[in-house]
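Residues per chain are reported as follows:
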Amino acid sequence: SLNHPIYEQWYGKWDSSAMERLICALRDRLAMPVLLVDVGGDEFLRPFDMNRGVFYSRPQYRDYLQLARRALAHVSGRHHGSCLAAVAGCPLIGISANTHKMLGDFELLQWELPVFDFYRIQENIPSIVEAVTQAVRTVEPLRKRMRHTVGLLRGEVSRHVDCLKG
């Protein structure tokens, strides 16, 4: 969907080589493997499974939660994957494409880490890599904060559901 002609008209043609450069920059800077997780509709990630410390997977929901619980950071523009990562307590770095869902998610979670523009990945590679590096360095306090915030949201939702039930 990211290559849809209407988006090209608005933002210009999407260059998958910028994504590859970002993935490799993350792998190289962090000196650890990068797992590309397809939460549905992310088949464009499959060619980046390069067997050089970059791996592609399309796990089921529960497996994804287990991965997110152990991941050091979650870099994504996918709303559902980011919601699952938040529930798992995984620090988020957002990438916003054709909707404002990431910005809304981050606002709801009171999450202060950045959201980057998908169509400007090439120029943002250094900033994205730095944001992920900082998240990895401070992963435990970020996890604790994310779990706390998600817990508060769960409580708030439960109160409203109970109120609606009568």
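Here is a short report on the structure shown in this document.

Cut-off values and rules
- Residues numbered from 1 in each chain as written.
- Predicted model: local features only at pLDDT ≥ 70, side-chain atom pairs only at ≥ 80, totals over all residues.
- Heavy atoms only, no water.
- Helix = DSSP H or I, 4+ residues; strand = E, 2+ residues; numbered from the N terminus.
- Rg over C-alpha atoms; globule rule 2.2 N^0.38 Å.
- Salt bridge = Lys/Arg side-chain N within 4 Å of Asp/Glu carboxyl O.
- Buried < 20%, exposed > 50% of the residue type's maximum accessible area, 1.4 Å probe, protein only.
- Pairing = 2+ DSSP bridges.
- Axes fitted to C-alpha atoms, helices over the stretch in contact; angles between N-to-C directions.
- Polar contact = N/O pair within 3.5 Å; in protein donor to acceptor, adjacent residues only side chain to side chain.
- Contact = heavy atoms within 4.5 Å.
- Phe/Tyr/Trp six-rings, centres within 6.5 Å; stacked < 30°, edge-to-face > 60°.

### With respect to the overall build of the chain
Within the chain, the secondary structure is distributed over 7 helices and 5 strands. Shown N-terminal to C-terminal, the secondary structure of the chain runs as helices and strands in the order α-α-β-β-α-β-α-β-α-β-α-α. The globule rule puts the C-alpha radius of gyration for 166 residues at 15 Å, and the 16 Å found for the chain is close to it. Overall, the chain is about 55 × 40 × 30 Å in size when its C-alpha atoms are taken along their principal axes.

### Things to note about the pattern of salt bridges
Going through the model one piece at a time under the given rule, you end up with 5 salt bridges. With a shortest N-O distance of 4.0 Å, D38 and R58 are connected by a salt bridge. With a gap of 20 residues between them, D38 in the loop between β1 (34–37) and β2 (54–57) and R58 in the loop between β2 and α3 (61–70) connect regions that are remote in the sequence. Measuring nitrogen to oxygen at the nearest pair gives 2.7 Å for the salt bridge that ties E156 to R159. A residue pair is termed a helical-turn pair when its members lie 3 or 4 positions apart in one helix, as E156 and R159 do in helix α7 (residues 139–165) at 3 residues. According to the relative accessible area criterion, R159 is exposed, its value standing at 51%.

### A look at the sheet that holds strand β4 (residues 92–96)
Spatial ordering of the open sheet is given by β3-β4-β5, a layout of 3 strands whose pairing is parallel. The sheet terminates laterally at β3 (74–76) and β5 (115–117), the two strands that pair on one side only. Direction aside, the axes of adjacent strands within the sheet are offset by 15° on average. Relative to β5, β4 runs parallel, the two being bridged by 3 bridges. Along β5, the bridge assignment pairs I95 with F116.

### Let's talk about the side chain of D38
According to the relative accessible area criterion, D38 is buried, its value standing at 0%. Among the polar contacts listed, one links the side chain of D38 to the side chain of Y56, at a separation of 2.6 Å. The contacts of D38, once residues within four sequence positions are left out, are E43, Y56, S57, R58 and P59.

### Observations concerning the packing of aromatic side chains
Enumeration according to the criterion identifies 1 aromatic pair in this entry. Between F118 and Y119 the ring centres are 5.2 Å apart and the planes differ by 85°, which places this aromatic pair in the edge-to-face class. Taking the relative accessible area as the measure of exposure, F118 reaches 6% and is therefore buried.

### Focus on the side chain of R27
Mapping R27 onto the fold places it in helix α2 (residues 16–30). For R27, a relative accessible area of 15% corresponds to the buried category. Among residues more than four places away in sequence, those in contact with R27 are M32, V34, R52, G53 and V54.

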